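# Overview (structure and organization)
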Amino acid sequence: MPDSISEQIVVQITLGYSIYMQTISLYFDSPKSFEPEIIKSLGGIVGLYFIFAQTTFIQYPFDKSKLLYIGMSEKKTNSISNRLLGHYDGKSKNVGLVNYRKKEALLFTYLNFDILKANWDFRIEDLESYFIQNFVERYGVYPICNNKTGAEIHSSELKVNIKIDWNYFNTR
């Protein structure tokens with residue numbers, strides 16, 4: 001397992017769509033407890049975050065997963081810390097996350113967009129949509145606590161393929 005965020009991205013060249021397309025394999029950082037004192041340390045970080053159950057598996061149409069929610073922070077003034085605290089205390093009005101937290105301890109992990117944008121030519125909103133659409137392809141439906149979808153990116157526009165380790169959420 002990588003030791004630092006900078007080591008989490010492994011780049012390799014593969015053949016795809018009859019041209020060379022860069023494939024980025026993403027490895028998530030170690031899970032963190034979904035608690036305010038830990039969340040507050042992420043102030044100013046922009047990126048994607050993933051909230052998941054510690055023990056409960058959700059039966060999605062194609063497979064089970066502990067992943068509950070994929071979210072993003074698009075600017076430093078509304079950082080990952082601010083967004084996660086909003087989910088923790090219910091200000092985000094995501095009733096599903098509030099109720100799962102009442103049932104059991106939750107975990108989260110995140111991806112820092114500053115590290116990814118060297119290989120991603122689109123907005124962070126598009127990256128979130130890419131992850132959600134990839135989850136749908138793998139599991140058959142959106143994560144249970146995601147209330148909206150976002151715009152879909154056409155694969156013909158992409159110059160990169162992101163290999164997402166969805167099994168990460170099932171082995172923690």
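Computed from a predicted model, the values in this text were never measured in an experiment. (Residues numbered from 1 in each chain as written. Predicted model: local features only at pLDDT ≥ 70, side-chain atom pairs only at ≥ 80, totals over all residues. Heavy atoms only, no water.)

What follows covers the packing of aromatic side chains. Scanning the model with the defined rule gives 20 aromatic pairs in all. With centroids separated by 6.4 Å and ring planes inclined at 75 degrees, the aromatic side chains of F34 and F108 adopt a geometry described as edge-to-face. A residue pair is termed long-range when its members are at least 10 positions apart, and F34 in the loop between β3 (32–33) and α1 (36–39) and F108 in strand β8 (residues 106–112) qualify at 74 residues. Here F34 and F108 have matching classes, each one buried. Positioned above the aromatic ring of Y88, the side-chain terminus of R101 is 3.8 Å from the ring centre. (Phe/Tyr/Trp six-rings, centres within 6.5 Å; stacked < 30°, edge-to-face > 60°. Helix = DSSP H or I, 4+ residues; strand = E, 2+ residues; numbered from the N terminus. Buried < 20%, exposed > 50% of the residue type's maximum accessible area, 1.4 Å probe, protein only. Lys NZ or Arg CZ within 6 Å of the ring centre and 35° of its normal.)

In this section: empty space enclosed by the protein. Think of a ball as big as a water molecule: rolled over the atoms, this probe shows where empty space is left. Inspection of every chain in the model, using the stated rule, returns two cavities of 30 Å³ or more. Taken as a whole, the second largest cavity spans an internal volume of roughly 50 Å³. Around the second largest cavity, the lining residues are I24, L26, L116, N119, W120, L127 and I162. (1 Å grid on protein atoms, 1.4 Å probe; cavity = no way out; pocket = protein on both sides within 12 Å on 5 of 7 lines; lining within 4 Å. Points joined across faces, edges and corners; volume = space filled by probe spheres on them.)

Let us look at the environment of N161. Within the element layout of this structure, N161 appears in strand β9 (residues 160–164). You can call N161 partly exposed: its relative accessible area is 33%. Along the backbone, N161 and S25 are 136 residues apart, and their C-alpha atoms lie at a distance of 8.5 Å. Of note is the side chain of N161, whose polar atom sits 3.3 Å from the side chain of Y130. (Polar contact = N/O pair within 3.5 Å; in protein donor to acceptor, adjacent residues only side chain to side chain.)

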